[in-house]
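Listed here are the chains, written in short residue letters.
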Amino acid sequence: SSRVLWTLAVTQLMLSQQGNSLDKVILFDVRDDTVVIRNAGRLTHPTSGRSYHAVFNPPKVAGVDDITGEPLVQRDDDREEVVRKRLVAYHKSTDPLVDYYRQKGILAVIDAEKPINEVTASLEEILKKH
């Protein structure tokens with residue numbers, strides 16, 4: 001798309017003006033369903049800002065703040081249908097860039113479904129090489 005080409009051109013221009021070039025692009029790869037679970041499960045206590053997650057960090061009692069007992073809320077942009085719609089837009093704008101950098105041979109893909117320590121180790125390994 002023209003937006004993708006524009007993004008590539010601007011990136012290359014900015015780098016060349018600084019005397020740099022792009023030698024590696026890192027993609028943290030996560031399945032869409034995982035993104036939905038991670039986002040749609042977020043719950044917040046509006047007054048304090050405390051955050052919970054329905055799966056990964058649930059409150060002691062479903063739907064209520066551990067400290068105050070007040071109701072937790074889900075942000076509108078964390079609802080599943082909104083997250084899925086954002087993912088469609090993300091893929092539309094990002095997939096062509098991923099393909100471009102893969103063809104250039106500078107794309108490194110990290111499986112971001114793995115535990116954080118493994119993701120960090122993968123990232124450190126890629127950065128050591130560059």
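Predicted model, so just to flag it, every value in this text is computed and none were measured.

As a further point, take the overall build of the protein chain. Within the protein chain, the secondary structure is distributed over 4 helices and 4 strands. When its helices and strands are written in sequence order, the protein chain yields α-β-α-β-β-α-β-α. Relative to the 2.2 N^0.38 estimate, which gives 14 Å for 130 residues, the radius of gyration of the protein chain is 19 Å and therefore markedly larger than a compact globule would have. Taken along its principal axes, the extent of the C-alpha atoms in the protein chain is 55 × 35 × 25 Å. In the protein chain, buried positions account for 23% of the 130 residues. Long-range contacts, defined here as pairs at least 24 residues apart, represent 58% of the contacts in the protein chain between residues at least 6 apart. Looking at the protein chain as shown, the accessible area adds up to about 9200 Å², and 56% of this sits on carbon and sulfur atoms. Between the centroid of the 18 positive side chains of the protein chain and the centroid of its 19 negative side chains there is a distance of 4 Å.

In this section: helix α3 (residues 80-104). When the terminal C-alpha atoms of α3 are compared, their 35 Å separation across 25 residues agrees well with the 36 Å that a helix rising 1.5 Å per residue should span. Largest kink in α3: about 35 degrees, centred on Thr 94, with the proline Pro 96 one to four residues after it. Every buried residue of α3 is accounted for by Val 83, Leu 87, Thr 94, Leu 97, Val 98 and Tyr 101. Just downstream of α3 lies Gly 105, where phi reads positive at about 80 degrees.

Taken N-terminus to C-terminus, the directions of helix α2 (residues 32-40) and α3 make an angle of 135 degrees; their axes are 9 Å apart at the nearest point. One finds that α2 runs oblique with respect to α3. In this structure, the crossing between α2 and α3 has a hand that is right-handed. In this structure, α2 uses Asp 32, Asp 33, Val 35, Val 36, Asn 39 and Ala 40 to contact α3, whose residues at the interface are Glu 80, Val 83, Arg 84, Arg 86, Leu 87 and His 91.

Taken together, the side chains of Ile 37, Val 55 and Phe 56 make up a nonpolar region of the molecular surface, amounting to roughly 310 Å² of accessible area. Structurally, Phe 56 is set in the loop between β3 (51-53) and α3. The exposure class assigned to Phe 56 is exposed, which follows from its relative accessible area of 55%.

A few words now on the nonpolar core. Nonpolar side chains tend toward joint burial in soluble globular proteins. The biggest cluster of nonpolar side chains holds 9 residues, and these are Val 4, Leu 8, Val 25, Leu 27, Leu 97, Val 98, Tyr 101, Ile 106 and Leu 107. The greatest single-element share of this core, amounting to 3 residues, is contributed by α3. Ignoring sequence-local partners within four residues, the contact set of Val 4 consists of Ser 93, Pro 96 and Leu 97.

Mapped onto the fold, Thr 68 is located in the loop between β3 and α3. According to the relative accessible area criterion, Thr 68 is partly exposed, its value standing at 39%. One polar contact links Thr 68 to His 45, side chain to side chain, over a distance of 3.2 Å. Here the side chain of Thr 68 touches Glu 70 through a polar contact of 3.1 Å, landing on its backbone nitrogen.

Cut-offs used in this document
- Residues numbered from 1 in each chain as written.
- Predicted model: local features only at pLDDT ≥ 70, side-chain atom pairs only at ≥ 80, totals over all residues.
- Heavy atoms only, no water.
- Helix = DSSP H or I, 4+ residues; strand = E, 2+ residues; numbered from the N terminus.
- Rg over C-alpha atoms; globule rule 2.2 N^0.38 Å.
- Buried < 20%, exposed > 50% of the residue type's maximum accessible area, 1.4 Å probe, protein only.
- Contact = heavy atoms within 4.5 Å.
- Areas by Shrake-Rupley, 256 points an atom, 1.4 Å probe, with all protein chains shown as cover.
- Lys, Arg positive; Asp, Glu negative; His and termini not counted.
- Charge placed at Lys NZ, Arg CZ, Asp CG, Glu CD.
- Expected span 1.5 Å × (residues − 1).
- Bend = angle between axes of the 7 residues up to and from the residue.
- Axes fitted to C-alpha atoms, helices over the stretch in contact; angles between N-to-C directions.
- Parallel < 35°, antiparallel > 145°, perpendicular 65-115°, else oblique.
- Left-handed = near helix turned anticlockwise from the far one by under 90°.
- Patch = residues over 30% accessible without salt bridge, like charges linked within 9 Å, V, L, I, M, F, W, Y side chains within 5 Å.
- Salt bridge = Lys/Arg side-chain N within 4 Å of Asp/Glu carboxyl O.
- Core = buried A, V, L, I, M, F, W, Y, C linked by side-chain atoms within 4.5 Å.
- Polar contact = N/O pair within 3.5 Å; in protein donor to acceptor, adjacent residues only side chain to side chain.

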